[in-house]
Every structure is written in C-alpha cells, then in structure tokens.
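Each chain, letter by letter, is given below.
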Amino acid sequence: MSHSHHHQPGPLADASVRTGRVSDAPAVGLVQATVWRDAFAGKVPQEVLDAFEGPAFASAWRRSLQDPPSPLHRLLVACAGEQVVGFAAIGPAEVTDETVSETDGEILVMGVHPQARRDGHGSRLLNAAADTLRAGDRTAVLTWLPADDEQARAFTDAAGLVPDGAWRERVVGPGGETVREVRVRAEL
C-alpha cells in the first residue's frame, strides 16, 4: 500500500544575506544614505549630509556591480524577507604599510538601516563577509571605524575584531574637515 506524504513547508527564513545584484543598487543606495546621514550627523557639514542621497549612491553601486574592481570585490546584502536592510562591500585590503599583507581582506563599507538594527543583520553580514574573504584565500579581515563610534567599536570587539594601532584622518568635508578612524582586524 502506498502512502501519500504531503508535508507543509517548514518555516521560511525571513532574514538572510546574499550576494548583491545590479537590481539591488537602488535599495542599497537608500540604505547607505540613511545609515551615513545617521552616522555622520553632527560630524560633517550639513552640505555633506545633504549630498548623501540614495540615487547618487545607487548609481555608484550599479557601476561597481556591473564592473567590479577585482574578482574578490563583492557586495553582500542583508534582507528582511525581500527587503534589503543592510549591505557590506568587501575586497582585498589595500597594502598601505608593513602591517597589511597581500592576503588580507577588507570590509570596505558596511551598514544596517537604523530601523533594522538589533535583529542580527549586522552579525550575518559580518559572518558572510568573513566567510567570503576566507573562501577567496584571505587570511585576515580588517576595516576602518570612526574612532568615536562606541556602538560600532562594541559590535566589532564582540566579533573579535580588535584595534591594531593604525589610525587615519579621513577628509569628509569640502573645507578639509576630517573624522579620525581606527583600524580593527581579526585573523580568519
């Protein structure tokens, strides 16, 4: 006797990370504009904040996705259901001094929409970035953070990325205004 087995599908994941596509550029641009306005409010001139617009970022992401600078350069997107709520761009680390190796990878930029924070999207993005860099034969991951961003520092510290002593002044305004950044890293 044959038994027909009909199973209802199990719960579907409503949070994921995947490789970004050209069609994601508008959503990533919007998330980036929102994240940067939030992160840089009070730190950069208003005219700079006003320039953080989704369409401008989307245009840059579209070009980058259509013609990546290297095979290791990737855009990862965090999704809540179908909606893009975060992003991380990764690539080979720029060898700027003797502490950076040709086998280091870098998280070039990462952000999660403020309304989607504390839902695990940042951790999923960070893990996917590390896994993707490791698969690309990278032995360490590094990234730069604003020195005074305690929330970002706590997040990366908890993930095992620790300051390696490097810092820089990043020019963020038309008048030469800067934001101090520190570099954090972890072995893969």
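Residues numbered from 1 in each chain as written. Predicted model: local features only at pLDDT ≥ 70, side-chain atom pairs only at ≥ 80, totals over all residues. Heavy atoms only, no water.

Undergrad: Any chance you could break down the packing of helix α1 (residues 25–40) against helix α3 (residues 54–66) for me, citing the residues and the numbers?
TA: Where α1 contacts α3, the axes come no closer than 7 Å and their chain directions differ by 130 degrees. Regarding the angle of α1 to α3, the classification is oblique. Between α1 and α3 lies a crossing whose hand is right-handed. From α1, A25, P26, V28, G29, L30, Q32, A33 and W36 reach across to α3, where they touch G54, F57, A58, W61 and R62. (Axes fitted to C-alpha atoms, helices over the stretch in contact; angles between N-to-C directions. Helix = DSSP H or I, 4+ residues; strand = E, 2+ residues; numbered from the N terminus. Parallel < 35°, antiparallel > 145°, perpendicular 65-115°, else oblique. Left-handed = near helix turned anticlockwise from the far one by under 90°. Contact = heavy atoms within 4.5 Å.)

Undergrad: For α3, give the residues involved together with the corresponding values.
TA: For α3, which comprises 13 residues, the first-to-last C-alpha distance of 18 Å matches the rise-based estimate of 18 Å (1.5 Å per residue) to within 8%. Of all the residues in α3, the buried ones are G54, F57, A58 and W61. Mapping the buried residues of α3 onto a view down its axis gives an arc of 100 degrees, with all of them on the same face. Among the exposed residues of α3, those oriented more than 90 degrees off its buried face are P55, R63 and Q66. Close packing links the buried residues of α3 with α1, β2 (74–80), β3 (83–92) and β4 (104–112). (Expected span 1.5 Å × (residues − 1). Buried < 20%, exposed > 50% of the residue type's maximum accessible area, 1.4 Å probe, protein only. Arc of directions from axis to C-beta.)

Undergrad: Outline a negative patch on the surface, listing residues and values.
TA: Together, E47, D50, E53 and E177 line one region of the surface with negative charge. Checked against the element boundaries, E47 lands in helix α2 (residues 46–51). (Patch = residues over 30% accessible without salt bridge, like charges linked within 9 Å, V, L, I, M, F, W, Y side chains within 5 Å. Areas by Shrake-Rupley, 256 points an atom, 1.4 Å probe, with all protein chains shown as cover. Salt bridge = Lys/Arg side-chain N within 4 Å of Asp/Glu carboxyl O. Lys, Arg positive; Asp, Glu negative; His and termini not counted. Charge placed at Lys NZ, Arg CZ, Asp CG, Glu CD.)

Undergrad: Quick one: what's the story with the side chain of E106, residue by residue and with numbers?
TA: Looking at the secondary structure, you find E106 in strand β4. No salt bridge forms around the buried E106; measuring N to O, its nearest opposite-charge neighbour R168 is 5.3 Å away. Excluding anything up to four places from it in sequence, E106 contacts A89, I90, G91, P92, A93, E94, L133, L142 and W144.

Undergrad: Help me get a handle on the packing of aromatic side chains, residues and values and all.
TA: Evaluation of the coordinates by the stated rule reveals six aromatic pairs. A centroid spacing of 5.8 Å and a plane angle of 75 degrees characterise the contact between W36 and F40, whose relative ring orientation is edge-to-face. Separated by four residues within a single helix, W36 and F40 lie in helix α1, roughly one turn from each other. The interplanar angle of 70 degrees and the centroid separation of 5.8 Å between the aromatic rings of W61 and F87 together place this pair among those described as edge-to-face. With W61 in helix α3 and F87 in strand β3, this residue pair connects regions lying 26 residues apart in the sequence. The exposure class assigned to W61 is buried, which follows from its relative accessible area of 11%. (Phe/Tyr/Trp six-rings, centres within 6.5 Å; stacked < 30°, edge-to-face > 60°.)

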